Amino acid sequence: MRAVVVVPVLKQARPQGGHRAGQGDSPAAPVPQRSSEARLDEAIGLAKAIDLTVVEGLIVPVGQPRPATLIGTGKIEEIKALLDAKNAGLVIVDHPLTPVQQRNLEKEWNAKVIDRTGLILEIFGRRASTKEGTLQVDLAHLNYQKGRLVRSWTHLERQRGGAGFMGGPGETQIEADRRLLQERIVRLERELEQVVRTRQLHRAKRRKVPHPIVALVGYTNAGKSTLFNRITGAGVLAEDMLFATLDPTLRRMKLPHGRTVILSDTVGFISDLPTHLVAAFRATLEEVLEADLILHVRDMSDPDNAAQASDVLRILADLGIGEKEGAERIIEVWNKIDRLDPEAHEAIAERAASRKNVMAVSAITGEGIDALMEEIARRLSGVLTETTITIPPDRLSLVSWIYGDAVVDDRKDNDDGSVTLDVRLTERQAADLERRLGNAPKPVKEDWER
């Protein structure tokens, strides 16, 4: 379908303050503002993500938003002429529209009109591939649709209910539609409750295995899936497209010193993410809350990456990961440095090296990946202590546990069947090993068995 993208730019400035774009920025730094051109490029990218043919993109200044149409009559007539000239039947307005505004614009332009929320819902509907993802998108879409129906169909007359002359006023058509939608919403919510319970069971099982969880988060198209594939060898879909992947993916991976961790690739974030989607995808986004370490992937080749990072941190704060906690759990991964010119590349590398919790990488070329993996291992390992232990023949089953969770520097197989290992352990691992060897009293709550 041929489409025209319209980006209304309201002259009222957005309030300053809130979350900063990244660790290490000045405490007084204002929230970065996204340029109108970047908004237009992103809106066109969203449209192309569902195979729409964008014939024109417009930035429309709005001095005073009109309650009936949002934009002024002059621009409405100008866009109508453009639609006729370009033979376009769809207008994408990169701004939330009320049901009344959407209906009035459709009448004025004689074309289908969808706002930013509707467009993102459409993309998510196409990208969802698992049952969980489909349920979450359907629920968000129905809640959005219900609001549209309530205000759009009030012109329908009340139907007569009952039979014969005793029949009193029946329900309006809109009330019938609302009832049907609400019944579907309730059904989907019940199914999602089961999904939530299943996810909780999976998390409980993972807690019993001492593998830390590392979650990838970031603005859509920041390169999370490419980075995921690079460090795990997985074949997750990775394309230069907004929301190329939607359903979360988890894989085991080995850190440089042999420790196993679980890496989770989550759905990409975006500015002005519809509240319906945030609510519906909470079960999925809670994977981030459970993570021991969060990798915040940023596309450093995008001029608006600071504003994008601010949007990501805002969503993380909404999920319950505040700025103070985030500073301890988040590593900023400055990705796509291979796209920068040599001078900018060097500047970004120097900035990253001078900051705590920042790593500059290229998921495509592999630059900086080894250093990132070392940093992940360091952050998750705790303080390692070196020791030499001998495992008796009747406890050789512990050897595989030690290889899976500690760092083994040397091994010697003794003549009596025992094994001597030079290992590096955290305090918790050392205490647990002593308990398993029978050299310490069994604690009431076992750290590694929770």
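In this text the structure is predicted, and so the values were computed from the model without any measurement.

(A) Broad picture of the sheet that holds strand β4 (residues 112-115). Here we have four strands laid out as an open sheet, ordered β2-β1-β3-β4, and parallel in their pairing. Since the sheet does not close on itself, it has two edges, and those belong to β2 (53-62) and β4, each with one partner. Taken over all neighbouring pairs, the strand axes of this sheet differ in orientation by 20° on average, direction set aside. Here helix α1 (residues 36-48) sits on the sheet and contacts β1 (2-10), β2 and β3 (90-93); the angle it forms with β1, its principal contact strand, is near 150°. Of the strands in this sheet, β1, β2 and β3 touch helix α2 (residues 73-86), which is tilted by about 170° from β2.

(B) Representation of the confidence of the model for the chain within the structure. Looking at the chain as a whole, the pLDDT averages 79, with 77% of positions reaching at least 70. Here residues 13-28 is modelled with pLDDT under 50, and outside its nearest four sequence neighbours on either side it reaches 37 contacts, counting other chains as well. Contacts for the low-pLDDT stretch residues 150-170, under 50 throughout, to residues beyond four places or in other chains number 28 contacts.

(C) Structural context of the nonpolar core. Counting 40 residues, the largest nonpolar core has V5, I92, L119, V217, F269, I294 and L316 as its most contacted members. Setting aside anything within four residues of it in sequence, one finds F269 in contact with V217, G218, Y219, T220, L285, V312, I315 and L316. One finds L295, M373, I376 and A377 within the second-largest nonpolar core, a separate group that totals 24 residues.

(D) Examining the environment of L58 more closely. Relative to the helices and strands, L58 is located in strand β2. Under the relative-accessibility criterion, L58 is labelled buried at 18%. Separated by 51 residues in sequence, L58 and V7 have C-alpha atoms that sit 6.1 Å apart. In this view, L58 contacts V5, V6, V7, L40, I79 and L82; residues no more than four positions away in its chain are not counted.

(E) Molecular detail of the pattern of salt bridges. What the rule picks out here adds up to 14 salt bridges. Residues D311 and R34 are paired through a salt bridge, measuring 2.8 Å at the closest nitrogen-oxygen approach. Here D311, found in helix α10 (residues 305-319), pairs with R34, found in the loop between β1 and α1; they are 277 residues apart in sequence, far enough to count as distant. Neither D311 nor R34 differs from the other in exposure class; each is buried. Residue K112 is joined to E106 by a salt bridge in which the shortest nitrogen-to-oxygen separation is 3.9 Å.

Each value, and the rule that gives it
- Residues numbered from 1 in each chain as written.
- Predicted model: local features only at pLDDT ≥ 70, side-chain atom pairs only at ≥ 80, totals over all residues.
- Heavy atoms only, no water.
- Pairing = 2+ DSSP bridges.
- Helix = DSSP H or I, 4+ residues; strand = E, 2+ residues; numbered from the N terminus.
- Axes fitted to C-alpha atoms, helices over the stretch in contact; angles between N-to-C directions.
- Contact = heavy atoms within 4.5 Å.
- pLDDT = per-residue confidence, 0-100.
- Core = buried A, V, L, I, M, F, W, Y, C linked by side-chain atoms within 4.5 Å.
- Buried < 20%, exposed > 50% of the residue type's maximum accessible area, 1.4 Å probe, protein only.
- Salt bridge = Lys/Arg side-chain N within 4 Å of Asp/Glu carboxyl O.

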